[in-house]
Amino acid sequence: MSAASCQLTEDQFLCSICLDVFADPVSTPCGHNFCKTCITKHWDRNEKCQCPNCQQAFNTRPELEVNAFISEMAAQFRQSAQQKASSSSSEQQVSKPGEVPCDDCTATKLKAMKSCLVCLASYCETHLVPHLIISGLKRHQLIDPVENLEDRMCMKHDKLLELFCKTDQMCVCMLCSISNHKTHDVVPLKEEYEGKRAKLGKRDTEIQQMIQKRRLKIEEMKRSVQLSKKDADREIAAGVQVFRALKESVERRQAELMDTIKEKQRETEKQAEGFIKELEQEISELEKRSSEVEQLSQSEDHLHLLQSFPSLNTAPPTKDWTGVSVRPPSYEGTVVRAVNQLEETLSKQMKKVELKRVQQYAVDVTLDPDTAHPALILSDDGKQVNCGDVKKNLPDNPERFDKCVYVLAKRSFSSGRFYYEVQVKEKTEWDLGVARESINRKGKIKLSPQNGYWTMCLRNENEYKALAGPAVRLSLKHQPEKVGVFVDYEEGLVSFYDVGAAALIYSFTGCCFTQKLYPYFGPSNNDGGENSAPLIISPVSHRKIHII
């Protein structure tokens, strides 16, 4: 049997009233078949006696007899369908919590495959068959399984919600559209669905972009945490090294203090031992003389006594011990002096530690010839600059300083920390620091933070200033031969160090950086050869911290 005829036969075995396989099938005079119970109840409920399918009316209620042939065929079809359903049910999934169950399953509820918006019921694969083969049911709207299908019905008219009122932004039925929403902008549900779906697609794109931005932010934060951990590990290692050196220095100074006190005690003991030895020797001489005097005084030899008397009548030579004493050494202030010396040493060493801490952020800096004033002479490697006597004929590009003998570095910084060192030895005037990208480079320039410059300078060989607007005079114990410049962009900090003395010279604090920063150099004018020495960008030496 062909698929088409098979499908037709299956269609013939289903009652169009109960939509199930015929039970006691009967035929009406017009030729249509129904379950005897279904057609009987249908005629009982209606005044007219007519066919539910073709609407043919009968003047008298027909006498209905069970069609034995169709009944037998329906029984065979029911048995085949049950076997097929049994086999299919074993393969289908039982409805689990959270899944939509089949409304037609009477025993074990199977998982629904579709829900019908016309029947307001959900069906498993087996009970969905009529909607796939019966022409009338094929026109029903099937959707993915959903619960509470009654929510899709208009509570007022008990009709399917198949329209959307754009005026009130709500779903309505056909009767609502001609009553309460008669003058409103009402469109088919599918039309509004497509519009809303397009908006959801656009919103989803926006959400995906937001998700991507947040994922990137997470990655950025993870990188920040990793960098922070590296910084923390580096600081811990440096801290351990410093405190180990401090401990060793304190122990060494303690041992030196103990040795000093013990040495004083040994000297006191040695002095006392010398005095005691000398006194014991005098006592021995006096005891010897006393014994001789006693023997002589008992002698009855007149001549011998008179001859020996002159030599024994006087005491042996002795030292005057009246003013001699052993005074305990004074230890007053010994500990205090030792601690003060230790504090002074530690203070000097801590300055070195601080310098070492910022030196770990050393970067490679090279001068940018496109920014250099025409009178400046740059070395081929871009590490040295001094002012010549002749202005070169160079293009007056926007980046170049045209009046002030300044030059910037090629590399800029817009985050984090960086440090570099510049040799200023044998110069009588110079400027150093950092400048923001948008600084004025033409005409006369006043160096100040307000104008985008954070700098310090030397004037007149020994006059140091921080050009803070107004300038701050700096009192330095020694003239630095090498100056270190340290910048913490996020912290808003610019610091200058005397590298040789490992001393902080000056710090700009609380700065607000919003642009790129460039290392800045001003070697000042040649001054007839008096200031011809160059500014030299020097490599940073990383020496191990050692506290004496």
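Asker: Where do I start with the sheet that holds strand E20 (residues 517-522) in this structure?
Answerer: Hydrogen bonding along the main chain pairs the strands of a sheet, whether they run parallel or antiparallel. Pairing within the open sheet is antiparallel, and its six strands lie in the order E11-E20-E13-E14-E15-E16. At either end of the open sheet lies a strand with only one pairing partner, and these are strand E11 (407-408) and strand E16 (472-474). Direction of pairing for E11 relative to E20: antiparallel, over a ladder of two bridges. Its bridge partner lying in E20, leucine 408 is registered against tyrosine 520.

Asker: In this structure, what is going on with the packing of helix H7 (residues 189-297) against helix H8 (residues 302-312)? I would like to understand it.
Answerer: At a minimum axis distance of 10 Å, the contact between H7 and H8 shows a crossing angle of 155 degrees. When the axes of H7 and H8 are compared, the pair comes out roughly antiparallel. The two elements H7 and H8 cross, and the hand of that crossing is left-handed. Along its contact with H7, which presents Arg289, Glu292, Val293 and Leu296, the element H8 presents His304, Leu305, Ser308, Phe309, Ser311 and Leu312. Across the contact of H7 with H8, the residue classes break down as five nonpolar, three polar and two charged.

Asker: What exactly am I supposed to notice about the pairing of E20 here?
Answerer: When a strand is regular, its side chains alternate between the sheet's two faces. Across the six residues of E20, six count as buried, placing the element largely inside the fold. Burial of the side chains of E20 extends over both faces: Leu517, Pro519 and Phe521 are buried on one face and Tyr518, Tyr520 and Gly522 on the other.

Asker: What should I look at first to understand the sheet that holds strand E18 (residues 493-498) in this one?
Answerer: Read across the sheet, seven strands follow the order E9-E10-E21-E12-E17-E18-E19 without closing on themselves; strand pairing throughout is antiparallel. Looking at strand neighbours, the two that pair on one side only are strand E9 (376-378) and strand E19 (503-508), the edges of this open sheet. Looking at each pair of strands side by side, their axes are set apart by 20 degrees on average, direction ignored. This element, helix H9 (residues 334-359), spans strand E12 (417-423), strand E17 (482-488), E18 and E19 of the sheet and lies at about 115 degrees to E12.

Asker: What is the right way to look at the layout of surface pockets in this model?
Answerer: Gaps between atoms show up when a probe of the same size as a water molecule is rolled over them. Approximately 450 Å³ is the volume found for the second largest pocket. Contributing to the lining of the second largest pocket are 17 residues, with Lys351, Lys477, His478, Ala501 and Ala503 lying nearest its centre. Only H9 and E19 provide two or more residues apiece to the lining of the second largest pocket. Of the residues forming the lining of the second largest pocket, the biggest block, six residues, is contributed by H9. When its residues are assigned to classes, the lining of the second largest pocket shows six nonpolar, five polar and six charged.

Asker: Which parts of the structure should I look at to understand H7?
Answerer: Residues lying three or four places apart along an α-helix face the same way, a consequence of the helix completing one turn every 3.6 residues. Here H7 spans 154 Å end to end across 109 residues, near enough to the 162 Å set by a 1.5 Å rise per residue. Looking at the packing, one finds that the buried side of H7 touches strand E6 (163-165), strand E8 (186-188), H8 and H9.

Rules of the game
- Residues numbered from 1 in each chain as written.
- Predicted model: local features only at pLDDT ≥ 70, side-chain atom pairs only at ≥ 80, totals over all residues.
- Heavy atoms only, no water.
- Pairing = 2+ DSSP bridges.
- Helix = DSSP H or I, 4+ residues; strand = E, 2+ residues; numbered from the N terminus.
- Axes fitted to C-alpha atoms, helices over the stretch in contact; angles between N-to-C directions.
- Parallel < 35°, antiparallel > 145°, perpendicular 65-115°, else oblique.
- Left-handed = near helix turned anticlockwise from the far one by under 90°.
- Contact = heavy atoms within 4.5 Å.
- Nonpolar A, V, L, I, M, F, W, Y, C, P; charged D, E, K, R; others polar.
- Buried < 20%, exposed > 50% of the residue type's maximum accessible area, 1.4 Å probe, protein only.
- 1 Å grid on protein atoms, 1.4 Å probe; cavity = no way out; pocket = protein on both sides within 12 Å on 5 of 7 lines; lining within 4 Å.
- Points joined across faces, edges and corners; volume = space filled by probe spheres on them.
- Expected span 1.5 Å × (residues − 1).

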